[in-house]
Amino acid sequence: MKRKWLLAGVAAVILVAAVVCMNTPEKRVLRYYNANKEDLNQRVEDYMNGENLSWSGGALKMVNAWPGEHEMVEYILISNGNTYRGFYYSPDDVPLAFQNTETILYQEDGSNRWTWSSEGDNHGETYKIDDGWYYFSASF
């Protein structure tokens, strides 16, 4: 009997750990992007062809277009305190810092992952998830 309870307890712990791992903010952003990829590509294409930037709200908190040397269309999906997570479209397929600020990006060991930091404890990261599309997190 003890063995059955022990096995049930171990299975419950594994199940809870799996759910927690699958529900990290980063995984939530990537799931949203993958589930809405076609619509997002269409909206970005429409915007690049001169239409107003639009989004249907829902899970998205905000959508902004940021001009610069390399333009960016940024989608904020999660805002928790002073941390923001989401994804952005870079028409030039160039990694960029949060809100397209002129901040130096540091590449980590030849990977497709870049980090940035600025005054105080402001910092963030970005990495490529698809052609022209990047995940980001930014904390202030």
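Keep in mind it's a predicted model, so treat the numbers as computed, not measured.

1. Side note on the pattern of salt bridges
Across all of its chains, the model carries five salt bridges by this definition. The partner of Lys-37 in a salt bridge is Asp-130, and the shortest N-O contact between them spans 3.5 Å. With Lys-37 in helix α2 (residues 25-48) and Asp-130 in strand β6 (residues 123-130), the pair connects residues that are 93 residues apart, well separated along the chain. Its relative accessible area of 28% is what places Lys-37 among the partly exposed residues. On the basis of relative accessibility, which here comes to 26%, the residue Asp-130 falls in the partly exposed class. For the salt bridge of Lys-128 with Asp-131, the shortest nitrogen-to-oxygen distance reads 4.0 Å. Lys-128 sits in the partly exposed class, given a relative accessible area of 28%. Residue classification places Asp-131 among the exposed positions, given a relative accessible area of 60%. Here the salt bridges do not stand alone but share partners, grouping Asp-93, Lys-128 and Asp-131 into one network.

2. Topic: the pairing of strand β1 (residues 62-66)
The side chains of a regular strand alternate between the sheet's two faces. Judged from the five bridges that link them, β1 and strand β2 (residues 72-80) form a sheet pairing that is antiparallel. Residue pairing across strands places Val-63 opposite Tyr-75, the latter belonging to β2. Following β1, the chain reverses through five residues before pairing antiparallel with β2; Gly-68 in that reversal takes a positive phi of roughly 160 degrees.

3. Regarding the sheet that holds β2
Ordered in space as β1-β2-β3-β7-β6-β5-β4, the seven strands form an open sheet in which the pairing is antiparallel. Where the open sheet ends on each side, the last strands, each with one partner, are β1 and β4 (106-107).

4. Points about the confidence of the model for the protein chain
Close inspection of predicted coordinates is inappropriate for parts of the model with low pLDDT. Per-chain confidence: the protein chain averages 87 in pLDDT, with 85% of residues scoring 70 or above. Counted against residues more than four places away or in other chains, residues 11-21, with its pLDDT under 50, gives one contact.

5. Quick look at unusual backbone geometry
A negative phi holds for most residues other than glycine; trans holds for most peptide bonds. Of note, the phi angle at Asp-93 is positive, near 55 degrees, even though the residue is not glycine. Relative to the helices and strands, Asp-93 is located in the loop between β3 (83-89) and β4. You will see that Gln-99, though not glycine, has its phi angle at about 55 degrees, which is positive. Structurally, Gln-99 is set in the loop between β3 and β4. Using a relative accessible area of 31% as the deciding quantity, one classes Gln-99 as partly exposed.

6. Observations regarding the nonpolar core
Of all hydrophobic cores here, the largest spans 17 residues; its most connected members are Leu-60, Tyr-75, Phe-87 and Trp-133. Counting only elements with at least two residues in this core, the list comes to α2, β2, β3 and β7 (133-139). Considering every element that reaches this core, the biggest residue donor is α2, with six residues. Not counting residues up to four positions away in its chain, the partners in contact with Trp-133 are Tyr-33, Leu-40, Asn-41, Val-44, Tyr-75, Phe-87, Tyr-88, Tyr-89, Tyr-127 and Lys-128. Membership of the second largest hydrophobic core comes to eleven residues, among which are Met-72, Ala-97, Trp-114 and Ala-138.

7. Some points on the side chain of Asn-100
Relative to the helices and strands, Asn-100 resides in the loop between β3 and β4. At 3.1 Å, the side chain of Asn-100 and the backbone oxygen of Pro-67 are in polar contact. With residues near it in sequence (within four places) discarded, Asn-100 still touches Trp-66, Pro-67, Gly-68, His-70, Glu-71 and Met-72.

Quick notes on the rules
- Residues numbered from 1 in each chain as written.
- Predicted model: local features only at pLDDT ≥ 70, side-chain atom pairs only at ≥ 80, totals over all residues.
- Heavy atoms only, no water.
- Salt bridge = Lys/Arg side-chain N within 4 Å of Asp/Glu carboxyl O.
- Helix = DSSP H or I, 4+ residues; strand = E, 2+ residues; numbered from the N terminus.
- Buried < 20%, exposed > 50% of the residue type's maximum accessible area, 1.4 Å probe, protein only.
- Pairing = 2+ DSSP bridges.
- pLDDT = per-residue confidence, 0-100.
- Contact = heavy atoms within 4.5 Å.
- Core = buried A, V, L, I, M, F, W, Y, C linked by side-chain atoms within 4.5 Å.
- Polar contact = N/O pair within 3.5 Å; in protein donor to acceptor, adjacent residues only side chain to side chain.

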